[in-house]
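One-letter residues, chain by chain:
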Amino acid sequence: MCKSPTKSFNESKIRSSACSFFIGILLSIYSLFFVSFRIGELIPLVRFYPTQCASAFIGTVVLQRSVLGRTAKRVVHLSTLFVLIYIIDSYVTKPLPFANGTHGNRTVVITGANSGVGYETARQLAITYGMTVIMGCRSMSKCKNAADTINSEIASKSNEHGISDGYAIPLIIDLSNFQSVKSFVHQLEEKNVIVDILFNNAGFVPGANLPVNDLRVVNTSSGTHHLCALPFALPKTILDLLPVPQNPACVDEDFLINGIKSETDKAAYIQAKIANVMHVVELPRKHSQSTSVAIDLGWVGTSIQPFMQGNLTPAGAGWMRSTSTGILPVLHAILSTNEDLMKELGNGRTWAEGGIVMNVFGKPEEAFSYPWWTDKGLSATDVSRRRMLELSGKLWDKSLGLVKQ
């Protein structure tokens, strides 16, 4: 028996509605993941370009309201996200300096250099800028394979710009073992290596209840450190509903006394990030001949987590930055001159005032300068820049004491 035209039309309409609903759900999920992974880039984008962001937002809303049909509105929505990815990853990021003869005379040590951000940084510095790169890794076989790959690529390229050929050297170092660190330094001394730049890249995500022998080894930084202050900028009624795993400031006096040698917990990753920024702030204060930069990479699609691996990755979906894009702030921190970094901060800033932060766009920032780093008048919730600078000095002294034990 043939279906009536009315029934066929209704079934087609139901299928179309179900398909439209499903597409809407997928678009919402994609947008949610986009904002979740890219929040560390969206915040500085709004901070540095408030007028442009407000104009773009208004223009998008007007465009969505002016187009007819649900499909057209979704096309505008998705196109806006893709344009935003281009703006974040390419348009607002500072261009890298051209390679010149001064770069080839420098030696850089990179920890965690056999994969991800460390490997891509080592590759760019050795191949494009002619630097000597000491690749520090825990596995010699992986490190040697990575160094051989870089050196083979250098040998196969013609030197078009007259830059001296770089070179990659693999060395073993386990940053959780002080004897390994001492052995690494001893090998550099035997080779008469003068290190110009140290890129503390190696890091890991600590599991719960992991014992710590002498010291938490902190090597990387990211925008995650803002979580030490951001939740406490919320109204108390909202804050009470959130399962915040750490105290304000994360690395406070209580942590320095009781927490620094305790087992890791859910706050360990955030504490590691804030401690890295605090260390960077303090380094030029204690050693006047040194400079230091904490780098905010944003979410970079490497193999550090299982969900970042495979054929369909967050970076491939545009939720995270690719490794080649993610290393741009690292390269800016390494390649920029000391004078240029201070000049961008302005106000007669000097390194004697402390180290700085390099944001995801390769632009220098003062540490703890975002609005949520503030004092609400209560010592328990004081996460002001003034207090964080004081805590940075205390963390340095505490860490130095532990290292000397």
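Notes on the structure in this doc start here. All values derive from a computational prediction rather than experimental measurement.

Let us look at the packing of aromatic side chains. Applying the stated rule across the entire model yields seven aromatic pairs. Consider the rings of Phe37 and Trp319, whose centres lie 6.3 Å apart with planes at 20 degrees: the pair is stacked. Taken together, the positions of Phe37 in helix H1 (residues 5-48) and Trp319 in the loop between strand S5 (293-295) and helix H10 (323-326) put the pair 282 residues apart, joining distant regions of the chain. Using a relative accessible area of 12% as the deciding quantity, one classes Phe37 as buried. Look at Trp319 and you get buried, because its relative accessible area is 18%. Here Tyr370 and Trp372 contribute two aromatic rings whose centre-to-centre distance is 5.3 Å and whose plane-to-plane angle is 20 degrees, an arrangement assigned as stacked. We note that Tyr370, like Trp372, is buried.

Let us now look at the sheet that holds strand S4 (residues 197-199). The four strands are arranged S3-S2-S1-S4 in an open sheet whose pairing can be described as parallel. The sheet is open, and its two edges are formed by strand S3 (167-172) and S4, each paired on a single side. Within this sheet the neighbouring strands show an average axis-to-axis angle of 20 degrees, counted without direction.

Here Asp165 lies in the loop between helix H5 (140-156) and S3. Of the residues examined, Asp165 reaches a relative accessible area of 57% and is grouped as exposed. Once the C-alpha coordinates of Asp165 and Thr132 are considered, the two residues, 33 residues apart in sequence, prove to be 8.5 Å apart.

Our next topic: H5. With 17 residues, H5 should reach 24 Å at 1.5 Å per residue; the first-to-last C-alpha distance of 24 Å fits that figure. Among all positions in H5, only Cys143, Ala146, Ala147, Ile150, Asn151, Glu153 and Ile154 are buried. Considered in projection along H5, the buried side chains sweep an arc of 155 degrees and stay on one side of the axis. Facing away from the buried side of H5, by more than 90 degrees, are the exposed residues Asn145, Ala155 and Ser156.

Below, the discussion takes up the sheet that holds strand S7 (residues 364-365). Taking strand neighbours across the sheet as the criterion, the three strands line up as S5-S6-S7 in an open arrangement whose pairing is mixed. In this open sheet, the two strands that pair with only one neighbour each are S5 and S7. Judged from the two bridges that link them, strand S6 (residues 356-358) and S7 form a sheet pairing that is antiparallel. Directly across from Val357, in S7, lies its bridge partner Glu365. Contacts from helix H9 (residues 268-286) reach S5 and S6, with the element oriented near 155 degrees to S5.

Counting buried residues along strand S1 (residues 107-111), five of its five residues qualify, which places the element largely inside the surrounding structure. Here S1 shows no split at all, with Thr107, Val109 and Thr111 on one side and Val108 and Ile110 on the other all buried. On the question of chirality, the crossover connecting S1 to the parallel strand S2 (residues 132-137) by way of helix H4 (residues 116-127) is right-handed.

This part covers the packing of H9 against helix H13 (residues 385-404). At a minimum axis separation of 8 Å, H9 and H13 run at an interaxial angle of 85 degrees. Classified by the interaxial angle, the pair formed by H9 and H13 is roughly perpendicular. Side by side, H9 and H13 meet where Ile274, Ala275, Met278, His279, Val281, Glu282, Leu283, Arg285 and Lys286 of the first sit next to Met388, Leu389, Leu391, Ser392, Gly393, Leu395, Trp396 and Asp397 of the second.

This part takes up a nonpolar patch on the surface. Taken together, the side chains of Phe21, Ile25, Ile29 and Phe33 present a nonpolar region at the surface, about 370 Å² in accessible area. By the secondary structure assignment, Ile29 is in helix H1.

Reading the values: the criteria
- Starting afresh in each chain, residues are numbered from 1 along the sequence in its written order.
- Residues qualify for local features only when their pLDDT is at least 70, as the model is predicted, and side-chain atom pairs are given and counted only at 80 or more; totals for whole chains, interfaces and linings, by contrast, use all residues.
- Water and hydrogen atoms play no part in the side-chain values, which are based on all heavy atoms of the structure.
- Only Phe, Tyr and Trp rings take part, Trp by its six-membered ring, and two of them pair if their centres are within 6.5 Å. Stacked means planes under 30 degrees apart, edge-to-face means over 60, and tilted covers everything else.
- A run of DSSP states H or I qualifies as a helix once it reaches four residues; a run of E qualifies as a strand once it reaches two. Both are numbered from the N-terminal end.
- Relative accessible area decides the class of each residue, using a 1.4 Å probe on protein chains only: under 20% of the type maximum gives buried, over 50% gives exposed, and in between gives partly exposed.
- Paired strands, as defined in this entry, are two strands with at least two bridges between them according to DSSP.
- To obtain each axis, a line is fitted to C-alpha atoms, and for helices this fit is confined to the stretch in contact; angles are then taken between N-to-C directions over 0 to 180 degrees.
- Multiply 1.5 Å by the residue count of a helix minus one, and that product is the helix's expected span.
- Picture the helix axis, draw a direction to every C-beta atom, and the arc is the one those directions span.
- A contact between two residues is defined here by any heavy atoms of the two lying within 4.5 Å.
- For a crossover, the right-handed case is the one in which the path from the first strand over the helix to the second runs clockwise, viewed with the strands pointing away from the viewer.
- What sets the label is the angle itself: under 35 degrees gives roughly parallel, over 145 gives roughly antiparallel, 65 to 115 gives roughly perpendicular, and the rest give oblique.
- Only residues above 30% relative accessible area that lack a salt bridge enter a patch, with like-charged residues linked at up to 9 Å and the nonpolar side chains Val, Leu, Ile, Met, Phe, Trp and Tyr linked at up to 5 Å.
- Accessible surface area values rest on a Shrake-Rupley calculation with a 1.4 Å probe, where residue burial reflects the displayed protein chains alone.
- The salt bridge definition used is simple: a Lys or Arg side-chain nitrogen within 4 Å of an Asp or Glu carboxyl oxygen.

The values are spatial; any link to function lies outside them.
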